[in-house]
Amino acid sequence: MKIVVIQGPNLNMLGVRERNIYGPMKLEDIHKQMKGFADQNKVEIEFFQSNLEGEIVDRIQECVGDADGIIINPAAYTHTSIAIRDAISAVQIPTLEVHLSNIHQREEFRHKSLTAAVCAGQIIGMGPFGYHLAMVGMLQILNEIQAMRQAQAAREQTQANA
Ligand code: DQA
């Protein structure tokens, strides 16, 4: 199983940027923790960060046939990007949206997420721990999908044998 983690604009500046909102942890340290958890659970994981909307759309599209799940923090594009929303919707891969801060406690323009409606779930306001929660949530989603597929295969086998 493979999870792709996609990080939007300015998240490469975590640890430096508005530490009062986003905390002191750097993106690479968040990724190190996620990699440790993925290794423990024998899941492949890949990380991607871009400040460019089109590159994020491209990376989502590249997940087809490659990734089983996507964890994404579209950052500022959350509130503006129909293109990223459409890409998530197009690929039909279970996706979880993460925000370090509680976007509902902040400026009004951050209250609306264009991407959340096409994601399986959203985790907000938990700081870097939100990424760990997303990993746990994604493993649960992928295990449920696998169990459903196995049950379906077993039903088909029973029908074929009848
Ligand atoms: C963010 C929230 C967004 O509103 C903001 O533009 C970000 C980070 C978060 O993780 O809290 O860049 O996605």
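Right, let's walk through the structure included here. (Residues numbered from 1 in each chain as written. Predicted model: local features only at pLDDT ≥ 70, side-chain atom pairs only at ≥ 80, totals over all residues. Heavy atoms only, no water.)

## Some remarks on the side chain of Ser 50
So the rule is basically this: To qualify as a helix, a DSSP run of H or I must reach at least 4 residues; to qualify as a strand, a run of E must reach at least 2; elements of each kind are numbered from the N terminus. Polar contacts here mean pairs of N or O atoms no more than 3.5 Å apart (in protein, one a potential hydrogen donor and the other a potential acceptor; neighbouring residues in sequence count only if both atoms are side-chain atoms). By the convention used here, residues are in contact when the closest approach between their heavy atoms is within 4.5 Å.
Secondary-structure assignment places Ser 50 in the loop between β2 (44-49) and α3 (53-62). Within the structure, Ser 50 has its side chain in polar contact with the backbone nitrogen of Leu 52 (distance 2.9 Å). Reaching out from Ser 50, the side chain makes a polar contact with the side chain of Glu 55 at a distance of 2.7 Å. In this view, Ser 50 contacts Gln 7, Gly 8, Pro 9, Glu 55 and Ile 56; residues no more than four positions away in its chain are not counted.

## Looking at the site of the ligand
This is how it is decided: Consider each residue's heavy atoms; a residue with any of them within 4 Å of a molecule or strand counts as near. Note on areas: these come from Shrake-Rupley sampling with a 1.4 Å probe, and a residue is covered only by the protein chains present in the view.
For the ligand, the full set of nearby residues is Arg 17, Tyr 22, Asn 73, Ala 75, Ala 76, His 79, His 99, Leu 100, Ser 101, Ile 103, Arg 106 and Arg 110. Take Asn 73: an N or O atom from its side chain is 2.9 Å from an oxygen atom of the ligand. Note that an oxygen atom of the ligand is positioned 2.9 Å from one of the side-chain N or O atoms of Arg 110. In isolation the ligand exposes 320 Å². Once the protein is present, 99% of that is buried.

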